[in-house]
Amino acid sequence: MAAAILTGMALEARLARRSGLPVACAAGDAAARVAAHRLLEGGACGIVSFGIAGGLAPDLRPGSLVLAGAVVDEDGTVHEACRPWHDRLRHALPQAHPGVVVGVRMPAATFGDKARLRALTGAAAVDLESLAVARACQAWGRPFAVLRAVADPAWRALPSAALAGLDGAGRVAPGAVLARLAADPRQLAALGRLAWDLGRALAALRKAASAIPAELLGGGPLGLDPAQRVRDVA
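Rules used in this analysis
Residues numbered from 1 in each chain as written. Predicted model: local features only at pLDDT ≥ 70, side-chain atom pairs only at ≥ 80, totals over all residues. Heavy atoms only, no water. Salt bridge = Lys/Arg side-chain N within 4 Å of Asp/Glu carboxyl O. Helix = DSSP H or I, 4+ residues; strand = E, 2+ residues; numbered from the N terminus. Buried < 20%, exposed > 50% of the residue type's maximum accessible area, 1.4 Å probe, protein only. Expected span 1.5 Å × (residues − 1). Arc of directions from axis to C-beta. Contact = heavy atoms within 4.5 Å. Pairing = 2+ DSSP bridges.

Draft legend 1. Local environment of the pattern of salt bridges. A complete count under the given rule lists eight salt bridges for this structure. Asp127 is paired through a salt bridge with Arg148; the nearest N and O atoms lie 3.5 Å apart. Separated by 21 residues along the polypeptide, Asp127 in strand E7 (residues 125-127) and Arg148 in strand E8 (residues 144-152) bring together distant segments of the chain. The buried category is assigned to Asp127, whose relative accessible area is 5%. Its relative accessible area of 1% is what places Arg148 among the buried residues. Of the charged contacts in the structure, one is a salt bridge between Asp197 and Arg156, with a shortest N-O distance of 2.2 Å. Of this pair, Asp197 sits in helix H8 (residues 188-211) while Arg156 is found in the loop between E8 and helix H6 (160-164), placing the two residues 41 residues apart along the sequence. Among the residues examined, Asp197 registers a relative accessible area of 5% and is labelled buried. Salt bridges sharing partners connect three or more residues here, namely Asp73, Arg105 and Arg135.

The following block contains the structure:
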């Protein structure tokens, strides 16, 4: 059995396919939960949550890779990543920052949202799909890993026009963005900054996907015992 990759955006999915692993795209917690269970039911030995994230740690700049040792819920529940997968990804991607990712159901759009999540969980980054992946893999007794690139850093809020521009399938909907801009043209500068930062995050993901050998997360000789978790997730 091979691992699969789950992303939240179609752009991320296209980059993830460079790894040679099967890829599914599902935007947000609810859709990601369904997609993760389908991947596991279809024979995936585990799942990598791959894509962009919001930065929570102040030292993470746009384009910084985060390799999570665990995913934490806002209620404090911790889901530890698979140690063999984590260690092999860290070897393949030494530039990635270790840390915890917090999973949420709604985007952390404001500076206040991000500061609250950082204080509550100590997480380095936040995203919408990793918690669903972690829970599904835990339910199936399968391993998971999380590899994310920071798009919007801790000190920058997300413009509402950007949030309006994604549909449920993870595709950008330009019409929705333009409609929001027409209502509030002041968001144009913020959108420009976000586009620049998103470009850096996607460039980091492109390189990361190409650096992951397809056999890196395969079954058999790598010993993917779900009981082997990452204990040091600082």
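Here the narrative resumes, following the displayed structure.
Draft legend 2. Here's a closer look at helix H2 (residues 29-41). Look at H2: 18 Å from first C-alpha to last across 13 residues, which is about the 18 Å you get at 1.5 Å a residue. When we look at burial in H2, the residues that qualify are Asp29, Ala32, Ala35, Ala36, Leu39 and Leu40. Angularly, the buried residues of H2 cover 135° about the axis, an arc narrow enough to put them on a single face. H2 presents Arg38 and Glu41 as exposed residues on the side facing more than 90 degrees away from its buried surface. On its buried side, H2 packs onto strand E1 (4-7), strand E2 (23-25), strand E3 (47-55) and helix H5 (130-140). Downstream of H2 by one or two residues, Gly43 has phi in the positive range, about 115°.

Draft legend 3. Region of interest: the pairing of E1. Burial along E1 is two-sided: Ala4 and Leu6 facing one way and Ile5 and Thr7 facing the other are all buried. Bridge count between E1 and E3: three bridges; the pairing is parallel. Paired with Ala4 across the two strands is Ile47, which belongs to E3.

The values reported here are purely geometric and, on their own, carry no functional implication.
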